[in-house]
Amino acid sequence: MENHPFIPLDWNEHPIETMVEIANTNYSELAQRRSTRNFSSRDVDRRFIELAILSGSTAPNGAHLQPWTWVAIRNEELQKNIREAAEAVERRTYSERMPDAWSEVLAPLGTDAVKAHLTDAPWIVVLFKQKRRQRENGEWGPTYYATESCGIAAGMFIQSIHRMGLTTLPHTPSPMGFLQQILGRPKHEEAMLVMPVGYPAVDAQVPDIHRKALDQVAVFFDEQA
Ligand code: IYR
């Protein structure tokens, strides 16, 4: 049997008051996050995108295969191509593929097939999920829970972007095959999310919608309550 070493966990316990403060601060900062479709074209230093990708890549993930590839784009020509292709598939989604049950819940959000944020924002980050991996013996094997892993990673990326004072809008053009083509990604990778990143426009707007309360989203079985 191979030896798989373990090392001590590096862990610092916070005093309870610090825990309360961190938990409250983190929640109130996250509660301020909103998805806006209005991006400024103001540039963002590449270092911030690198840090957000590194933060996303700390996500817990299936069998520690880290089944993600982040493609970060600050390139006018590529952004224009991606926007054109995304708008072409989205025009069909909005005009032909979207049943009433779907369009009625999107209506308050003001989404449509126009994806100006893809060319307005200084950066687009496309998250690819790796569906297969190459084993040490050269054979191809599956990855595990890649969708869940990438979903968690995307959440951590979004949190990092928000907490550094930038904004992102997860966009899901459907179908997404054009991204693999335009960005030259291999067959075992599948595009999952397109995330423009930048500053919000000075006059950015958001829909007047609200989050559910704790008792609407959670159920506790708590002996001590
Ligand atoms: N993929 C489309 C449609 C869309 C779907 C949902 I669910 C949204 O919350 C928002 C948009 C798009 O990206 O516009």
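Structure: see above.
To keep things clear, this report deals only with the structure shown in the data block. (Residues numbered from 1 in each chain as written. Predicted model: local features only at pLDDT ≥ 70, side-chain atom pairs only at ≥ 80, totals over all residues. Heavy atoms only, no water.)

1. A few points about the packing of aromatic side chains
Thinking step 1. A full pass over the atoms with the stated rule returns 1 aromatic pair.
Thinking step 2. Aromatic pair Trp-70 and Phe-157: ring centres 5.2 Å apart, planes at 25°, arrangement stacked. Of the two residues, Trp-70 sits in strand β1 (residues 68-73) while Phe-157 sits in helix α6 (residues 146-163), which places them 87 residues apart along the sequence.
Thinking step 3. Under the relative-accessibility criterion, Trp-70 is labelled buried at 13%.
Thinking step 4. The ring centre of Tyr-199 lies 3.7 Å from the NZ or CZ of Arg-42, which sits over that ring. (Phe/Tyr/Trp six-rings, centres within 6.5 Å; stacked < 30°, edge-to-face > 60°. Helix = DSSP H or I, 4+ residues; strand = E, 2+ residues; numbered from the N terminus. Buried < 20%, exposed > 50% of the residue type's maximum accessible area, 1.4 Å probe, protein only. Lys NZ or Arg CZ within 6 Å of the ring centre and 35° of its normal.)

2. As for the nonpolar core
Thinking step 1. With 21 residues, the main nonpolar core has Ile-49, Trp-68, Trp-70, Leu-127, Phe-157, Met-195 and Val-197 as its most contacted residues.
Thinking step 2. Every element with two or more residues in this core is listed here: α2 (46-56), β1, β2 (123-130), α6 and β6 (189-198).
Thinking step 3. Among the elements that make up this core, the one with the highest residue count is α6 (6 residues).
Thinking step 4. Discounting chain neighbours no more than four positions away, the residues touching Trp-70 are Ile-53, Gly-56, Ser-57, Val-125, Val-126, Leu-127, Ala-153, Ala-154, Phe-157 and Met-195.
Thinking step 5. Ranked by size, the runner-up nonpolar core spans 16 residues in total, among them Ile-82, Ala-85, Ala-86 and Val-89. (Core = buried A, V, L, I, M, F, W, Y, C linked by side-chain atoms within 4.5 Å. Contact = heavy atoms within 4.5 Å.)

3. What about the pattern of salt bridges?
Side-chain pairs of opposite charge can arise whenever the charged atoms involved come near each other.
Thinking step 1. The final tally for this structure, using the stated rule, is 11 salt bridges.
Thinking step 2. Between Glu-96 and Arg-92 there is a salt bridge whose closest N-O contact spans 3.1 Å. On the criterion of helical spacing, the pair formed by Glu-96 and Arg-92 is a turn pair, its members being 4 residues apart in helix α3 (residues 76-97).
Thinking step 3. We classify Glu-96 as exposed; its relative accessible area is 53%.
Thinking step 4. Owing to a relative accessible area of 43%, Arg-92 belongs among the partly exposed residues under this scheme.
Thinking step 5. Taken together, the salt bridges that share partners define one network made up of Arg-46, Arg-47 and Glu-50. (Salt bridge = Lys/Arg side-chain N within 4 Å of Asp/Glu carboxyl O.)

4. With respect to the sheet that holds β6
Thinking step 1. Pairing is antiparallel in the open sheet, where 4 strands are placed in the order β1-β2-β6-β5. Only two strands of the sheet have a single neighbouring strand rather than two, namely β1 and β5 (167-168).
Thinking step 2. Note: β2 against β6, 8 bridges, orientation antiparallel. Within β6, the residue paired with Leu-127 across the bridge is Leu-193.
Thinking step 3. Here α2 sits on the sheet in contact with β1, β2 and β6, set at roughly 165° to β1. (Pairing = 2+ DSSP bridges. Axes fitted to C-alpha atoms, helices over the stretch in contact; angles between N-to-C directions.)

5. Let's talk about the pairing of β6
Thinking step 1. Most of β6 sits inside the fold, with 9 of its 10 residues counted as buried.
Thinking step 2. In this structure, β5 lies alongside β6, joined through 2 bridges in antiparallel fashion. Bridge pairing in β6 links Thr-167 to Gly-198.

6. Structural notes on the site of the ligand
Thinking step 1. Every residue close to the ligand is listed here: Glu-90, Tyr-94, Trp-102, Leu-106, Thr-111, Lys-115, His-171 and Thr-172.
Thinking step 2. A distance of 2.4 Å is found between an oxygen atom of the ligand and a side-chain nitrogen or oxygen belonging to Lys-115.
Thinking step 3. In this structure, an oxygen atom belonging to the ligand sits 2.7 Å away from a side-chain N or O atom of His-171.
Thinking step 4. When atoms are counted within 2 Å of each cavity's grid points, the one that captures over half of the ligand is the largest pocket.
Thinking step 5. At the level of secondary structure, the elements contributing two or more residues to the shell around the ligand comprise α3 and α4 (100-106).
Thinking step 6. In terms of residue class, the shell around the ligand is made up of 3 nonpolar, 3 polar and 2 charged. (Near = heavy atom within 4 Å. Polar contact = N/O pair within 3.5 Å; in protein donor to acceptor, adjacent residues only side chain to side chain. 1 Å grid on protein atoms, 1.4 Å probe; cavity = no way out; pocket = protein on both sides within 12 Å on 5 of 7 lines; lining within 4 Å. Sits in = over half its atoms within 2 Å of the grid points. Nonpolar A, V, L, I, M, F, W, Y, C, P; charged D, E, K, R; others polar.)

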